[in-house]
Amino acid sequence: MQAILALEDGRVFRGKGYGAKGECYGEVVFNTSITGYQEIFTDPSYAGQIVVLTNPQIGNYGTNSEDNEATRPYIEGLIVREFSKVSSNWRSQQVAEEYLEQFKIPVLAEIDTRALVRHLRDNGVMRGVVSTIESDVEKLVAKANSIPKMDGTDLAKVVTTNRPYVWEVGERSHEPIEIVGFKDEPERFHVVAYDFGIKQNILRKLRSECCRVTVVPAQTPAEDVLALKPDGVFLSNGPGDPEPCTYAVDNIRRLMGRQPIFGICLGHQLTGIALGGKTFKLKFGHHGGNHPVKQLKTGKIEITAHNHNFAVDPDSLPQSEVELTHMDLNDSTLEGLRHRNLPLFTVQYHPEASPGPHDSHYLFKDFVKMMEEWKG
Amino acid sequence: MPKRTDISKILILGSGPIIIGQSAEFDYSGTQACKALKAEGYEVVLANSNPATIMTDPEVADRTYIEPLTREYLEEIIRVERELSPGAGFAILPTVGGQTALNLAIELSDSGVLEKYNVKLIGASVESIKKAEDRLYFKDAMQKIGLDVPKSALVNNLKDGLEFAGKIGFPVIVRPSFTLGGSGGGMAYNREELLEVLARGLDFSPVHEALIEESVLGWKEYELEVMRDLKDNVIIICSIENFDPMGVHTGDSITVAPAQTLSDREYQAMRDAAIAVIREIGVETGGSNIQFGVHPHTGRMVVIEMNPRVSRSSALASKATGFPIAKIAAKLAVGYTLDEIPNDITRKTPACFEPTLDYVVVKIPKWQFEKFPGADESLGPQMKSVGEVMAIGRTFKEALMKGVRALDTGKRIGGEKIEPKILTQRLVTPHPERLSYIRYAIRQGHTVKQVAKMTGIDPWFLYQLKEINDMQLEVEKHPIESVPTEVLREAKRMGFSDGRLAGTWRLSGKGDQEKIRHLRKKHKVQPVYKRVDTCAAEFESYTPYLYSTYEEEDEAAPTDKKKVIILGSGPNRIGQGIEFDYCCCHASFALREDGYETIMINCNPETVSTDYDTSDRLYFEPLTFEDVWAIYEHESAAGAEVGVIVQFGGQTPLNLALPLKKSGVKIIGTSPEYIDLAEDRKRFGKLLDELEIPQAPGAMAASLEEAVAGAAKIGYPVLVRPSYVLGGRAMVIAYDEETVVRYMKEAVEYSQDRPVLIDHFLEDAIEVDVDALSDGEDVVIGGIMQHIEEAGIHSGDSSCVLPAVDIPEHLLARMREYTFKLARALKVVGLMNVQFAIPRSGYAETDTDHGATGVRARPTEDHVGADTLVRPTGANGTGGKVYVLEVNPRASRTVPYVSKATGVPMAKIAARLMTGRKLREFLPEYIDQQKDLDTGSCYYVKSPVFPWNKFPGVDTVLGPEMKSTGEVMGVADNFGEAFAKAQIAAGQKLPTQGCVFVSVTDHDKPHVAEVARKFVDMGFKLVATAGTADVIEGAGMACDRVYKVKEGRPNVVDLIKGDRIQLIVNTPQGPDPFFDEKAIRRAAVTARIPTITTLAAARAAAEGIAALQRGEVNVKALQQLHAEREAISKAPSPRRT
């Protein structure tokens, strides 16, 4: 099956189609993680995006029911150098191609992904179409140009849950704990988590730290959250531009100081805005599992998982209220902040990893500590 | 954290000679460490006994000690260095010199030397080394942090071993403590085998201890390369997955980076474990390598082992990712933290990150069992490969196929039919050719599942092989004339070489590959070059570290600068080792200085030449015609003038020289035609005749009949060998027709194009190597090296001494004259090596003051001339004949050794000559005075190192086929001490007292008494077999008699086993049903008793022992030796004639 990627600037890549027949549209971004394609497929933060994986061999270990970050894949399309026709791993349940086909996600393979990545690096992320049904390149480029831009788009409200629920540990596997990274712990705290596109591993991590978690829709008013009498509020990751999510910014403002708050990724950006800051779009974003982030207080480095196109401008934040806690060493962008007086801290990157290194798991413990202190 | 200022001097320990398990990778790591620390302003002192390395170049460290790597010599180095700077902060970095350096660090610490001279260890502490290396400590440590390990127990006797194995069940693995590359280890499937393997293992362990371990045979095997800094930042540089499952030493496994069949959860669990391990073991700074086993069906993950130092795998990881582990490790050792060190490749980002790959790397080991007939070829926990290739492709398939062609084996399994039973055995038992058999099995229709079951190899890898096979079938469906572009492109993307495609289409003979090349051109299927950049293109890269692939975009736009391509030597092999990498690097360094853009092509990840900063551009590519030609074409595209150097990389590039030239490539230096002429028996013979240079009578044969007739005409004994080989592969000395017949029938392939060469073997001759520089007109001799073993032993296996010890001046002069003539006749531009033989009959001396009449200035004569290596048998003043054995108009194995002895960088000068510069620019005084490069007042002895302990059962006799893996150098102001030092450095500890066993051929008997006398005079007792004893007693010396092995008992082997003999002098006497030399040599290797196989070497050993008895331990830095020599050569010398 022939497949084509057409970018908004007219650049075209031709390769082979796998997975579902059809077309997909989105912002084309690249992710440099070596492992964890299944987690990437199912990360709701990728809503609206076609993902290029730089690791050229994808699908080798198949997919399984435990490694999903959501109930379905959220990527619009996948672009890889080589897509394995078979899977080999003791946990594998389904070949990756079948898995994506089941959810109608098109895959473009066997293109020069490195050339594509260099194009995106030099020219910035851009909109694109992957098609297995249309061969007229001009039409495809025109289509790419007609896709709504990511900037200014609120995708959180699209991917969020439509009703609140208490998260339960799903199916348990036979695998050793260190693989799944989950322990059943007695519940000591109640956390309300805003779902802007939340990843399962965040919930697992909170649960492992003795938290009962109630997940609520993105637009849940602050008062409703407080009515649940939580010990802390969690602001999740999610797709799209933070700026249009004014409802979330308002709610965060109303929750600040009334509950310990911990935010990740989009949750961090929204908090930044709530604190008076501004966000901006990065040229090609941070997507990968090898970013060095420095804890500014200790100088210690964490290798972290990143998945963001937007960032909070540190100069826009009120220095008197906000302490900058984490910085990316590659490009010196802001990766974490803490309120000087209120129980609130957020990070731009993904301490829940999945995929990615576990260096930042401590943040979940910090959150628990903050709730403990708040409780007195 | 800024660098440490409490230290100003750092001693870096090298790894010594190249041996199996410790190869060129430690030249790479040591060189990086030296350069990094020197750049930081530290005074860098280096100790390494291996002269073939780049790291022992005098400009790499501030002071370089080419001295034996033993506690005694290191203590002396430390003492001298401490004396030079009494108050300085002085530290030792032991983590870049392999196991050898770590073991030495422990010894120095345990013996109190470090404390005595107030020297600190950096990079690793004694405690952490012990914790990581001692299997019991390690196991305890792992259990403490909750990590799983295979069940195991340490034992120091057979009984305990059997008992424990009974408990955990067979098979079990035996791992001796503190040995290199798993030496002496093995697998035991039953009690009987355990007794044998354990006995050997205990014997090999310096602490007489071995671990018996639960077998994790068939589990998936992984390695992580980890780095940690003083602030406890830990990063993983690379994950490596072994194609061969557990059970095969990782050095003998095909390995793949990054890991291919682990999901993120599994990988991260392994990463967490690796970080926990490095923290628990307490490696404060630097790199470590941690190995894991994963059960293929349950996922149970166990920690196998850890190397708290830079290793072979870290060299591979460095080349695989572009992250210079050794360099960074050195910087971390002096206190920098990872975030303070920039990533050279991206410049803008720090070294504190984890490299990500957008390509796949495959490493394939190179074995040379053909060198060791009788060796067990099955692969197990003890490493047996001598080198490796690495290949980079965008997919596993492409990388694997590139790796296979880079291996340069010349073998192909394909057409022949293999018996099903044999096939099963070949699949089940790991061995060097297993990959070929797997491909055969798949081609025969075996399913991936079947093959996976038999091999234990992950089905994903096997499926890739199946896809390659499917592609092959697809290609076969199309005739070459009508093959669709897409099929051709797909095949090339999978890594099919032009040669393989030509074979598929049954093209043969000359021009077959050319046809494919034209076909590709027609279809526009051409390679592009992509960069290795540590970051999968996320950031711009500034280092052109390149690999070819069949993709859309090229990232290596050629410049229009004048440039030189240097062809490297490929995988390390016996006969083609690190010496050639040394020469290639030097060519690059020199021509870079001269303003050329230098371009390196090589596929060996263990080398300095494949460091991204050695040349302006690095193409990590197979050294085949296809790959080299493509690069040449690519680099010429911008219209630049491109010269190619083929004479520095050994035989591999030389084989490409003529085809490249015929295709229009500009080869610089000596022309390939002349290189070829020197290899062509007929034409070369004619040239020698014209030049009136004597050579041993010879003949060529392309059939059995021709060979027999030729040998008879020349006269036995004859030396028989194939044309175009390096390292004397498949070379024998035949004393009779039967041997010649057998050789022609079994040993070798030959053709009209490639006949067998037959030469009269000059028995009883000394051999001499001469290295020279030439620009086609002027010639300067770099060194005249006198071999210590007699002719007939491969020059790479013979110890030699520079300057010649006792060759009379008129014969030296004759060799010079011949060398000059040959260099001019062959229009040599660059390096040349000539091998001479001087028969002892007719060998004469003109003077008893040996060497004093030579052109070398020699200020001290005290130690010289007291003894001679070669006993004169005639003395007619100007007698003696010098025969030319062979001429190699190219870099030789001895170039680095001669360069170090003379202080003149011969390879650099040679590279410059090739670009048209003249010898007169560099060495005018040597041309004017017609003198050789100068070795000052010292003797430099080079000695080989053999891999016998890796191949139990193999005969250790030396012959015309090279078997040594590496070399060492000993330096002293007298020959005996220099020889003794070289022996010590090579691991042959010459005894200073005890008993010498002597048994020599009839031929040697006339001279044996004189040699025996030397030992008696030094207080040794003698034991001899009957014939030899008669001669010794006849000369009035006491001598015990001992039975030959088969005569009765106690025989000589019993004495060896009973520690009654400390030195063996046994000149090979051919087949003797009673004597059984093989058993003696074997017993000697096991008991680590030095065995000397020529009288010449026995004389040298006697001098060495005399030096040892004097009890002096002297060390001198190379820089100091060179400075002294300079001073001498500048000062007017009254002795100069």
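For clarity, every value in this text was computed on a predicted model and none was experimentally measured.

About the criteria used
- Residues numbered from 1 in each chain as written.
- Chains lettered and ligands numbered in written order.
- Predicted model: local features only at pLDDT ≥ 70, side-chain atom pairs only at ≥ 80, totals over all residues.
- Helix = DSSP H or I, 4+ residues; strand = E, 2+ residues; numbered from the N terminus.
- Rg over C-alpha atoms; globule rule 2.2 N^0.38 Å.
- Contact = placed C-beta atoms within 7 Å.
- Nonpolar A, V, L, I, M, F, W, Y, C, P; charged D, E, K, R; others polar.
- Axes fitted to C-alpha atoms, helices over the stretch in contact; angles between N-to-C directions.
- Left-handed = near helix turned anticlockwise from the far one by under 90°.
- Pairing = 2+ DSSP bridges.

Asks: Talk me through the overall build of chain B; I want residue IDs and the actual numbers.
Replies: Helix and strand counts for chain B stand at 38 helices and 38 strands. Taking 32 Å as the expected radius of gyration for a compact globule of 1137 residues, we find that chain B reaches 29 Å, a close match to that expectation. With the C-alpha coordinates of chain B rotated into their principal frame, the extents come out at 80 × 65 × 65 Å. Within chain B, residue pairs in contact and separated by at least 24 positions form 72% of the contacts whose partners lie at least 6 positions apart.

Asks: Pulling in residues and values, what's your account of the interface of chain B and chain A?
Replies: Across the contact, 47 residues belong to chain B and 45 residues belong to chain A. Elements with a minimum of two residues in the side of chain B that touches chain A: helix H9 (264-281) and helix H16 (459-477) of chain B. Of the residues belonging to the side of chain B that touches chain A, the class tally is 20 nonpolar, 11 polar and 16 charged.

Asks: Give a detailed account of the packing of helix H14 (residues 434-443) of chain B against H16 of chain B, specifying residues and quantitative values.
Replies: Residues and elements named next belong to chain B. Orientation of H14 relative to H16, taken along the N-to-C sense of each, is 60 degrees, at an axis distance of 10 Å. In the crossing of H14 with H16, the sense of the turn from one axis to the other is right-handed. On H16, the residues that touch Ile 438, Arg 439, Ile 442 and Arg 443 of H14 are Leu 462, Leu 465, Lys 466 and Asn 469. Class assignment of the residues belonging to the contact of H14 with H16 gives a composition of four nonpolar, one polar and three charged.

Asks: Break down the sheet that holds strand S2 (residues 43-47) of chain B for me, with residues and values.
Replies: Residues and elements named next belong to chain B. Across the sheet, five strands lie side by side as S3-S2-S1-S4-S5; this open sheet has parallel pairing. Looking along the sheet, the strands with just one partner apiece sit at the ends: strand S3 (63-65) and strand S5 (119-121). Between one strand axis and the next, the sheet turns by 25 degrees as a mean value, whatever way the strands run. Relative to S5, strand S4 (residues 90-93) runs parallel, the two sharing three bridges.

Asks: Describe the pairing of strand S18 (residues 334-339) of chain A, listing the residues and the values that go with them.
Replies: All names here are of chain A. By the bridge criterion, five bridges tie strand S17 (residues 322-328) to S18 in an arrangement that is antiparallel. Each residue of the ladder has a partner; that of Glu 323, found in S18, is Arg 338. Between S17 and S18, which pair antiparallel one after the other, the connecting turn spans five residues, and Ser 332 there sits at a positive phi close to 60 degrees. In this structure, S18 lies alongside strand S19 (residues 344-347), joined through three bridges in antiparallel fashion. Counted as the bridge partner of Leu 337 is Thr 346 from S19.

Function cannot be read off these values alone, since they describe shape.
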